[in-house]
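# Structural features, examined
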Amino acid sequence: MQFIRHTSYFLMVLLFAIFFSSCEKDQHVKPQPGPFDVTHEIPASIPANGGSYSLTIDATTNGWWIEAGADASWISINRKYGSAKVTQQVVVASNTTTAAREATVLIKSTNGETVNLVFKQQK
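Residues numbered from 1 in each chain as written. Predicted model: local features only at pLDDT ≥ 70, side-chain atom pairs only at ≥ 80, totals over all residues. Heavy atoms only, no water.

## A few points about the overall build of the protein
Stated precisely, the cut-off is as follows: We count a stretch as a helix when DSSP gives it H or I for four or more residues in a row; a strand needs E for two or more, and each element gets its number in order from the N terminus. Only protein chains enter the area calculation, which uses a 1.4 Å probe; residues under 20% of their type maximum are buried, those over 50% are exposed, and those in between are partly exposed. Any two residues whose heavy atoms approach within 4.5 Å at even a single point are treated as in contact. The Shrake-Rupley method, run with a 1.4 Å probe, gives the accessible areas here. Residue values count only the displayed protein chains as cover.
The helix and strand tally for the protein stands at 1 helix and 6 strands. Element order for the protein, N to C, with α for helix and β for strand: α-β-β-β-β-β-β. Counting all 123 residues of the protein, 28% fall into the buried class. Taking contacts inside the protein between residues at least 6 apart in sequence as the whole, the part at least 24 apart equals 59%. Surface accessibility of the protein: about 8700 Å² in total, with carbon and sulfur atoms responsible for 59%.

The structure is reproduced here in structure tokens:
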């Protein structure tokens, strides 16, 4: 009986030692953000009748999102967030006001980069 108790005690100590000796602090490698690039066909001065323009967001391994203020209500961008590479159309409505208008749209990446797109439309 004493042999069984000593053997059980020895096995518990052995299992305890194996369990805690195999627990090493995880040394995770932090993922490196990839490049972030925005290209577009939006002219410096948009005609009063508006138009549709190509916008490409290449965020590779990063996520991205678009922020547009209330002053950009005349600019339509369907996809407001995503990851990887996306090409989409940006539609600028006709300017029916009596003045030129301007709005800024921000495209932000999870790696901390921001691209400002300034839309200037003629009257």
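Now that the structure has been shown, we can carry on.
## Side note on the environment of S109
Rules: Counted as a polar contact is a pair of N or O atoms within 3.5 Å, where, for protein atoms, one must be capable of donating a hydrogen and the other of accepting one, and residues adjacent in sequence contribute only when both atoms are in side chains.
The residue S109 is located in strand β5 (residues 101–109) in this model. Measuring from C-alpha to C-alpha, the distance between S109 and S83 comes to 8.9 Å, with 26 residues separating the pair along the chain. Residues within four places of S109 in sequence aside, it is in contact with F36, N62, G63, W64 and W65. A polar atom in the side chain of S109 sits 3.0 Å from the side chain of N111.

## Things to note about the nonpolar core
Applied cut-off: Among buried residues, the Ala, Val, Leu, Ile, Met, Phe, Trp, Tyr and Cys ones that are joined through side-chain atoms within 4.5 Å form a nonpolar core.
I57, I75, V105, I107 and F119 are the most contacted members of the largest nonpolar core, which totals 22 residues. Where this core is concerned, the elements lending two or more residues are β2 (51–68), β3 (75–77), β4 (81–92), β5 and β6 (114–121). The biggest single contributor to this core is β2, with 6 residues. If we skip the residues at most four places from it in the chain, I75 touches V90, V91, A103, V105 and F119.

## Details of the pairing of β4
Definition in use: Two strands form a pair only when DSSP identifies at least two bridges running between them.
With 11 bridges connecting them, β2 and β4 associate as antiparallel partners. Residue pairing in the sheet places G63 in a bridge with S83 of β4. Of the pairings in the sheet, the one linking β3 to β4 comprises 3 bridges and is antiparallel in character. Following the sheet pairing, S76 is matched in β4 by V91.

## Concerning the pairing of β6
Sheet topology places β5 next to β6; 8 bridges connect them, and they run antiparallel. Looking at β6, one finds that V105 is bridged to L117. Between β5 and the antiparallel strand that follows it, β6, lie 4 residues; G112 among them carries a positive phi value of about 100°.

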